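Examining the three-dimensional arrangement
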Amino acid sequence: MFSDKLSIDDFLASFDRFGVNLGLSRIEVLLECLDNPQERVPIVHVAGTNGKGSVCAYVASVLAEAGYRVGRYTSPHLLTWNERICINQQPITDQALEHHLHVVAATIDANFSTPTSETPTQFEVFTAAAWSYFAAEAVDIAVIEVGLGGRLDATNVCSEPLVTSVVSLSREHWQRLGPTLADIAREKAGILKQGRPVVMGPLPSEADAVVRQRALELGCPLYEVAPAELMASGQWRSGLGQSIDYQSGLLGDHQRVNSGIAIAILQLLQQQGWQIPTTAIQTGMAATRWPGRLQWMTWQGQQLLIDGAHNPAAAAMLRHYVDSLSQPVVWLMGMLSTKDHKDIFEVLLHPGDTLYIVPVPGHQTADPTDLAKLAQEVCPELSGCYTHDTLATGLDAFSAADGATKVLCGSLYLIGDFLARFGTGMA
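The name given to the protein in an unreviewed UniProt entry is tetrahydrofolate synthase, with the source organism recorded as Adonisia turfae CCMR0081. As stated in UniProt under Catalytic activity (unreviewed entry), the record for the protein gives "(6S)-5,6,7,8-tetrahydrofolyl-(gamma-L-Glu)(n) + L-glutamate + ATP = (6S)-5,6,7,8-tetrahydrofolyl-(gamma-L-Glu)(n+1) + ADP + phosphate + H(+)". Taken directly from UniProt, the Cofactor (unreviewed entry) text for the protein runs: "Mg(2+)".

Here it is in structure tokens:
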């Protein structure tokens, strides 16, 4: 199935036809055939609509600073698949990734070849490769981000995680997870395990009640996290019991919640015997990086802010940060057809803004003309609204536009394509 002539991208693309098919039966069989590598790796498991990647980045950074060998599994990627699987912030090499994908492919060929067998999905294949790699490299701990939902996600295969967390919750992927916040919360709360501690961020009341009830049913100690306290020094203070003063390496007021959740997870690990000095927490939090999320870069001599902002909650966080700059805004946006375009525009666009819309290359993109019409209905007082057939032509017009703050957003895939083609420097 995976020949030496087949690239990593081509091999993984061959599983695209199986789509998103939530369920644990295939991944459990696949991992069992691989001798259950996930059982040899202690994990922290993180779910949520937004912020779960940042929380994983914080926790992994601090644990590495404390001297541990730390696996980190996240999705999606910006530039290469390798970014999803890291040890101490270093992405898996092509050689190692090819090896573990070969192992997984051979296992599929040997065990999923009957007419009634359901072939594992792309995400399941890649997740199995990550577990195989982490076990082979004997990591001390792995920080695992849920892909979609939680209960039926391919990462939900460990019966005794060290800590679980539900970072945030809003109405996204409702077509698969259910139409209400309570439905979505039930799916995300599916990562909670009997007696294992769970850290919960501020959730809508409907979702909060569901997570609390599930924690009660399973006897999970539940820890609530409020936003970190902003100190006069510019540092933040957060923690369970003992508070820790620290600075975040990530921008945005919403990181007060994400970083506070990370601190709580780390302190729960300390309670379980993990040696994590306060100095390691402070250094690791400040050193955390999470590309493509509220990230400044220098492009063609201009300062450009890039951010995925792929759902209404993320768009609101971006708008809040941009408003703090007190400058006119010029947007360059592209969105997938599956996203809640109207809700995103309603929180992102303000009168006087200028908007350029482009397709998202290589993905199921929303039509720029349709988006432009919708944007003008949502915010008739835009200073200008323009469409372009390609990211390149949109960038040309965007770069020439007047505006003190230029923002590229709307899709992490768009950000990744921009960085692959045009990214030259980070601020």
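Attention now moves to the packing of aromatic side chains. Inspection of the entire model under this criterion finds ten aromatic pairs. Aromatic side chains Tyr-133 and Phe-134 sit 6.0 Å apart centroid to centroid with 40 degrees between the ring planes, which places their arrangement in the tilted category. Given a relative accessible area of 1%, Phe-134 falls into the buried group. Cluster of aromatic residues (ring-pair linked, three or more members): Tyr-73, Trp-81, Phe-123 and Phe-126. Here the basic side chain of Arg-84 rests over the ring of Phe-126, its NZ or CZ set 6.0 Å away from the ring centre.

With that settled, consider the UniProt feature "domain: Mur ligase C-terminal" (unreviewed entry) in the protein. The feature "domain: Mur ligase C-terminal" (unreviewed entry), as annotated in UniProt, sits at residues 292-410 in this numbering. End C-alpha atoms of residues 292-410 are separated by 11 Å, and the span's content is 35% helix alongside 24% strand.

With that out of the way, let us pick up the pairing of strand 14 (residues 329-333). With respect to burial, strand 14 is a largely interior element, five of its five residues being buried. The alternating pattern of strand 14 places Val-329, Trp-331 and Met-333 and Val-330 and Leu-332 on opposite faces, both of which are buried. Two elements, strand 14 and strand 17 (residues 405-409), share five bridges in a ladder whose sense is parallel. When the sheet's bridge partners are listed, Leu-332 is paired in strand 17 with Leu-408. Bridge analysis of strand 14 against strand 15 (residues 354-357) gives four bridges, and the strand direction is parallel. Within the sheet, the bridge partner assigned to Leu-332 lies in strand 15 and is Tyr-356. For the crossover from strand 14 across helix 12 (residues 341-348) to strand 15, the handedness is right-handed.

So, about the domain arrangement of the protein. Often, the extent of an interface is quoted as the loss of accessible area on bringing the components together. Once the domains are mapped, the protein shows domain 1 (8-287) and domain 2 (295-423). Domain 1 puts 15 residues into the contact, and the matching count from domain 2 is 17 residues. Both faces considered, domain 1 and domain 2 share a buried interface measuring about 1,200 Å² in area, 63% of it formed by carbon and sulfur atoms. Between the two partners, domain 1 and domain 2, sit zero salt bridges.

This next bit is on the sheet that holds strand 9 (residues 229-230). Strands sit in the order 9-10-11 across an open sheet of three strands; the sheet is antiparallel. A single partner strand is all that each edge strand has here, and the edge strands are strand 9 and strand 11 (244-246). Relative to strand 10 (residues 236-238), strand 9 is paired through two bridges, and the arrangement is antiparallel. For Glu-229, the partnering residue across the bridge sits in strand 10 and is Arg-237.

Regular strands show a simple pattern: their side chains alternate between the two faces of the sheet. With respect to burial, strand 12 (residues 295-299) is a largely interior element, four of its five residues being buried. Here five bridges tie strand 12 to strand 13 (residues 302-307), and the two strands are oriented antiparallel to one another. Residue pairing across strands places Trp-296 opposite Leu-305, the latter belonging to strand 13. Following strand 12, the chain reverses through two residues before pairing antiparallel with strand 13; Gln-300 in that reversal takes a positive phi of roughly 50 degrees.

Once that is clear, we can look at the sheet that holds strand 8 (residues 222-224). What holds strands together in a sheet is hydrogen bonding between their backbones, with the strands either parallel or antiparallel. The eight strands lie next to each other as 4-3-2-5-1-6-7-8, forming an open sheet whose pairing is mixed. Only two strands of the sheet have a single neighbouring strand rather than two, namely strand 4 (90-91) and strand 8. Examined bridge by bridge, strand 1 (residues 43-47) and strand 6 (residues 163-166) share four bridges and lie parallel to one another. Bridge assignment links Ala-47 to a residue of strand 6, and that residue is Val-166. Here helix 8 (residues 205-218) sits on the sheet and contacts strand 7 (198-200) and strand 8; the angle it forms with strand 7, its principal contact strand, is near 165 degrees.

Let's shift gears to the packing of helix 3 (residues 52-65) against helix 10 (residues 278-287). Contact geometry of helix 3 with helix 10 gives a least axis separation of 8 Å together with a crossing angle of 135 degrees. Taken together, the axes of helix 3 and helix 10 lie oblique to each other. Handedness of the crossing formed by helix 3 with helix 10: right-handed. Between helix 3, through Tyr-58, Ser-61, Val-62 and Glu-65, and helix 10, the contact on the second element is made entirely by Ala-280, Ile-281, Thr-283, Gly-284, Met-285 and Ala-287. Taken together, the residues of the contact of helix 3 with helix 10 break down into six nonpolar, three polar and one charged.

Following Ser-75, the chain continues into Pro-76 via a peptide bond in cis, with omega recorded as -5 degrees. We note that Gln-300 has phi near 50 degrees; this positive angle belongs to a residue other than glycine. Relative to the assigned elements, Gln-300 resides in the loop between strand 12 and strand 13. Judged by its relative accessible area of 53%, Gln-300 is exposed.

Before going further, it helps to examine the side chain of Asn-156. Of note, Asn-156 is situated in the loop between strand 5 (141-145) and strand 6. Reaching out from Asn-156, the side chain makes a polar contact with the backbone oxygen of Arg-151 at a distance of 3.0 Å. Of the polar contacts made by the side chain of Asn-156, one reaches the backbone oxygen of Gly-190; its length is 3.2 Å.

A word on the pattern of salt bridges. Tallied over the entire structure, the rule returns 16 salt bridges. In this structure, the salt-bridge partner of Glu-187 is Arg-151, at a minimum N-O distance of 3.2 Å. Taken together, the residues span a long stretch of sequence, with Glu-187 in helix 7 (residues 181-188) and Arg-151 in the loop between strand 5 and strand 6 at a distance of 36 residues. Classification of Glu-187 as buried rests on a relative accessible area of 13%. The salt bridge involving Lys-342 is made with Glu-346; its shortest N-O contact spans 2.5 Å. Highlighted residues: Lys-342 and Glu-346, both in helix 12, separated by four residues, approximately one helical turn. Overall, the relative accessible area of 40% leaves Glu-346 in the partly exposed class. Residues joined by salt bridges that share partners form a network here, namely Arg-26, Glu-118 and Glu-124.

Calculation notes
Residues numbered from 1 in each chain as written. Predicted model: local features only at pLDDT ≥ 70, side-chain atom pairs only at ≥ 80, totals over all residues. Heavy atoms only, no water. UniProt positions renumbered as here; feature names shortened; annotations may be inferred. Phe/Tyr/Trp six-rings, centres within 6.5 Å; stacked < 30°, edge-to-face > 60°. Buried < 20%, exposed > 50% of the residue type's maximum accessible area, 1.4 Å probe, protein only. Lys NZ or Arg CZ within 6 Å of the ring centre and 35° of its normal. Helix = DSSP H or I, 4+ residues; strand = E, 2+ residues; numbered from the N terminus. Pairing = 2+ DSSP bridges. Right-handed = clockwise from strand over helix to strand, strands pointing away. Domains from an automatic or database assignment. Contact = heavy atoms within 4.5 Å. Buried area = accessible area lost by both parts, 1.4 Å probe. Salt bridge = Lys/Arg side-chain N within 4 Å of Asp/Glu carboxyl O. Axes fitted to C-alpha atoms, helices over the stretch in contact; angles between N-to-C directions. Parallel < 35°, antiparallel > 145°, perpendicular 65-115°, else oblique. Left-handed = near helix turned anticlockwise from the far one by under 90°. Nonpolar A, V, L, I, M, F, W, Y, C, P; charged D, E, K, R; others polar. Polar contact = N/O pair within 3.5 Å; in protein donor to acceptor, adjacent residues only side chain to side chain.

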